[in-house]
Amino acid sequence: MVSDSGHLSRFGHQDNRKSPQKNGLTDAGAVGTPPEPRPVAGDPPKLVVRNVSISYGKKMVLRDVSFEVRQNEIFGIIGPSGSGKTSLLRALNRMDFFVPGMSVQGSILFGGREVRMWRNVYALRRKIGVVFPLPVGLPLSVYDNVSLAPRLSGVRDPRRLDEIVERCLQRAALWDEVKDRLNSLGSLLSGGQQQRLTIARALSQEPDLLLLDEFSIAVDPVTTMRIEDVLQGLRQEMSIILVTNLVQQARRLADRTAFFLMGECVEVGDTEAIFSGDVKDPRTRAYVEGRFG
Amino acid sequence: MAGFEASALNRRDQKVERLIRWLFLLMTLLLILPVFVILIFLVIKGWPVMSMEFLFTEPSNGMTAGGIFPALVGTVWLVAVALLFSVPIGVAAAIYLSEYASDNWLTRVINLAIINLAGVPSIVHALFGVGAFVLFFGFGTSILAASLTLGIMTLPVVIVSTREALQAVPMAFREACWNMGATRWQTIRHVVLPNALSGILTGIILEVSRTAGETAPIMFTGAAFFLPFLPQGVFDETMALSLHLFVISTQVPNVPEALPYGVALVLIGIVLAMNSLSIAFRTVLRRRKKW
Ligand SMILES: Nc1ncnc2c1ncn2[C@@H]1O[C@H](COP(=O)(O)OP(=O)(O)O)[C@@H](O)[C@H]1O
Ligand SMILES: [Mg+2]
């Protein structure tokens, strides 16, 4: 992981490739200057999802989905609830193991390796950070929430743990609010703080890929904005899959966006193209423009 | 709120609500009434014999005088050895069933067995204890045989209460840990167990109080009628409060009336002390709310 001190400042290190208004929630429709494509299409992709289908028992909830996530890319996934977005995220870090009846077909390559072939599934999961829709602060101190993953992977030195905790909380834009109460319970922080705590916790795993599942659903607009800024900074170091219920959020953040509908990946394309109406499927335009169903 | 007058129906609902509430309160009071009556009765009848001497000397004069020390110590031995056996096994089984077992036929058979084991009458456990521990394993009538019998009897309850404590820890915490790359055991050790501990202890303490009062399972397996020595090890027989109470109230002539009440009061005292401890645990648990 890149860890130059520049990333410690929470807002100092924003990726400015998108016009500034794209970070706000006021983004009404004006599409800024097209981004210079920093995630290079020629690089080996971080994640390759090929012909993936997912079923629970006999019920297939995701059918033959294929896409790639590039290095340092924010990949948006939009689509109505029930279209299989969360199920797909589960399959990526092999959490399907914990869901009775869930089966995954097809191929998922993470860092060039088939996830099903990783002998150490725990190492795979550490490389993939996950943030849930409802913030889950573990019933441990704020400090332990962030130091747990490093400790489990063998970091013992208290000074090193202090460093990790501070850095991760800084990068999740939470440090200033909790630095005086690192010993209070993470599960009793406010919803918005807990969500940033879960991001800090995910960062403590030093992930290469960060999965966010509708992170803003239980979070106030100000926190949502701060987290969006955080994500802009994080894309310097990792790839991010942003599943979101807010299409405008995908528009603000994602380089490319996929539209899922009832278990089908209707469309994958450059975010700009999808939001400017340059789509292959009319359903995508209908969903993006908010006239659906 | 103009326009929303309480309707007649509404007022009747409120009346019913009040009535039901009082009715249920009455039932509750009726329920605890006997407990208080018994307690007060025991204190009145048993208090006269209560003394340091009563607690810390042996019975004398054919158990019509003296104290209860060997029985008191014996009960502590029996309960302690029973817990040594049932707590590790019960907690391990509960962790397995709650955290590892998938829902298959084996798990279902085990669950069924636990429920049935909990329903077996204590006298049947006693007979099993005689057959298995006293005779087959050759422990003779001893603390070991009696405690193992008690332990087996309490095992299902330990398992069930532990499992409930574990399952009170929300699933989301486990999933968060697994997503971080924690193994099941790491998750249990760092997140589930610490948060279930008070609940587990509460269950175990309640078990202690129940075990202390059991008579049938120890009667044929290790508790002695009269034995004015303290046990030296787990292969000794011992007196026990519960059996002693049974003996002096039914088997021995000319026991002064206050004596059995005194024994009963000590027994109840132990049980209540244990229960208070578990309530205290629970209160602490509630106050230190974690989510
Ligand atoms: N554990 C499960 N068992 C059975 N069906 C499930 C389970 N989880 C999700 N589903 C079903 O799979 C479909 C897709 O769900 P999900 O992946 O959560 O969609 P989304 O995240 O897009 O809202 C839904 O129909 C849902 O009911
Ligand atoms: Mg979902």
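Residues numbered from 1 in each chain as written. Chains lettered and ligands numbered in written order. Predicted model: local features only at pLDDT ≥ 70, side-chain atom pairs only at ≥ 80, totals over all residues. Heavy atoms only, no water.

Novice: With reference to specific residues and values, describe the pattern of salt bridges.
Specialist: Residues and elements named next belong to chain A. Summed over all chains, the structure comprises 19 salt bridges over all chains. Where Glu-206 meets Arg-167, a salt bridge forms, and the shortest distance between an N and an O atom there is 3.7 Å. Remark: Arg-167 occurs in helix H4 (residues 158-171) and Glu-206 occurs in the loop between helix H6 (191-204) and strand S7 (209-213); sequence separation between them is 39 residues. On the basis of relative accessible area, Glu-206 is assigned to the partly exposed category, the value being 27%. The class for Arg-167 is buried, based on a relative accessible area of 16%. A salt bridge links Arg-235 to Asp-255, with the shortest nitrogen-to-oxygen separation between them at 3.0 Å. With Arg-235 in the loop between helix H7 (221-234) and strand S8 (239-243) and Asp-255 in the loop between helix H8 (247-253) and strand S9 (256-261), this pair connects stretches of sequence that are 20 residues apart. We note that Arg-235, like Asp-255, is buried. Through salt bridges with shared partners, a single ionic network connects Glu-177, Arg-196 and Arg-226. (Salt bridge = Lys/Arg side-chain N within 4 Å of Asp/Glu carboxyl O. Helix = DSSP H or I, 4+ residues; strand = E, 2+ residues; numbered from the N terminus. Buried < 20%, exposed > 50% of the residue type's maximum accessible area, 1.4 Å probe, protein only.)

Novice: Quick one: what's the story with the site of ligand 1, residue by residue and with numbers?
Specialist: Residue and element names in this part refer to chain A. By nearness alone, 13 residues border ligand 1, and Gly-82, Gly-84, Lys-85, Thr-86 and Ser-87 come closest of all. Tyr-56 places a polar side-chain atom, nitrogen or oxygen, 3.4 Å from a nitrogen atom of ligand 1. Taken by itself ligand 1 offers 560 Å² of open surface, and the protein chains cover 65% of this. Counting residues per element, the ones that place at least two in the shell around ligand 1 are strand S2 (59-69) and helix H1 (85-92). Looking at the shell around ligand 1 element by element, the count peaks at 4 residues for H1. When the residues that make up the shell around ligand 1 are grouped by side-chain class, the tally is 4 nonpolar, 6 polar and 3 charged. (Near = heavy atom within 4 Å. Polar contact = N/O pair within 3.5 Å; in protein donor to acceptor, adjacent residues only side chain to side chain. Areas by Shrake-Rupley, 256 points an atom, 1.4 Å probe, with all protein chains shown as cover. Nonpolar A, V, L, I, M, F, W, Y, C, P; charged D, E, K, R; others polar.)

Novice: Give a description of the domain arrangement of chain B that names residues and reports values.
Specialist: Residues and elements named next belong to chain B. You can read the domains of chain B as domain 1 (9-49) and domain 2 (52-287). Computed over C-alpha atoms only, the centres of domain 1 and domain 2 are separated by 30 Å. At the interface, 8 residues of domain 1 touch 10 residues of domain 2. Together domain 1 and domain 2 conceal approximately 810 Å² of surface at their shared face, both sides included; 82% is due to carbon and sulfur atoms. The largest contributions to the domain 1 side of the interface with domain 2 come from Leu-42, Lys-45 and Val-49, which together make up 65% of the buried area. For the interface between domain 1 and domain 2, the tally reads 1 salt bridge. (Domains from an automatic or database assignment. Contact = heavy atoms within 4.5 Å. Buried area = accessible area lost by both parts, 1.4 Å probe.)

Novice: I'd like to hear about helix H7 (residues 171-179) of chain B, residue by residue, with values.
Specialist: Within H7(B), the full set of buried residues consists of B:Phe173, B:Arg174, B:Ala176, B:Cys177, B:Trp178 and B:Asn179. B:Gly181 sits one or two positions beyond H7(B) and adopts a positive phi of about 90°.

Novice: A description of the interface of chain B and chain A should follow, citing residues and the corresponding values.
Specialist: Of the residues lining the interface, 19 residues belong to chain B; the matching set on chain A comes to 24 residues. Between chain B and chain A, the buried area comes to about 1900 Å², and carbon and sulfur atoms account for 71% of it. At the junction of chain B with chain A, the criterion picks out 0 salt bridges. Counting across the interface, chain B meets chain A through 1 residue pair in polar contact (both at pLDDT 80 or more). Broken down by element, the residue count for the side of chain B that touches chain A peaks at 7 residues, all from H7(B). Split into classes, the residues belonging to the side of chain B that touches chain A amount to 9 nonpolar, 6 polar and 4 charged.

Novice: Give a description of the environment of B:Glu257 that names residues and reports values.
Specialist: With respect to the element layout, B:Glu257 can be found in the loop between helix H10 (241-250) and helix H11 (258-287). Linking B:Glu257 and B:Gly46, residues 211 residues apart in sequence, is a C-alpha distance of 8.8 Å.

Novice: For unusual backbone geometry, give the residues involved together with the corresponding values.
Specialist: Residues and elements named next belong to chain B. Phi is positive for Met-63, which is not a glycine, with a value near 65°. Within the secondary structure layout, Met-63 lies in the loop between strand S1 (59-60) and strand S2 (65-66). The residue Asn-254 is not glycine, and still its phi comes out positive at about 60°. As for its position among the elements, Asn-254 is in the loop between H10 and H11.

Novice: Summarise the pairing of S7(A); cite the residues concerned and give the values.
Specialist: Residue and element names in this part refer to chain A. For S7, a buried count of 5 out of 5 residues is recorded, marking the element as mostly surrounded by other parts of the structure. Burial along S7 is two-sided: the face carrying Leu-209, Leu-211 and Asp-213 and the face carrying Leu-210 and Leu-212 are both buried. Bridge analysis of strand S6 (residues 128-131) against S7 gives 4 bridges, and the strand direction is parallel. By the bridge assignment for S7, Ile-128 is matched with Leu-209. Sheet topology note: the S7/S8 ladder contains 5 bridges and is parallel. In the strand pairing of S8, Leu-209 is matched with Ser-239. You can see the chain leave S7, run along H7 and come back into S8, and the turn it takes is right-handed. (Pairing = 2+ DSSP bridges. Right-handed = clockwise from strand over helix to strand, strands pointing away.)

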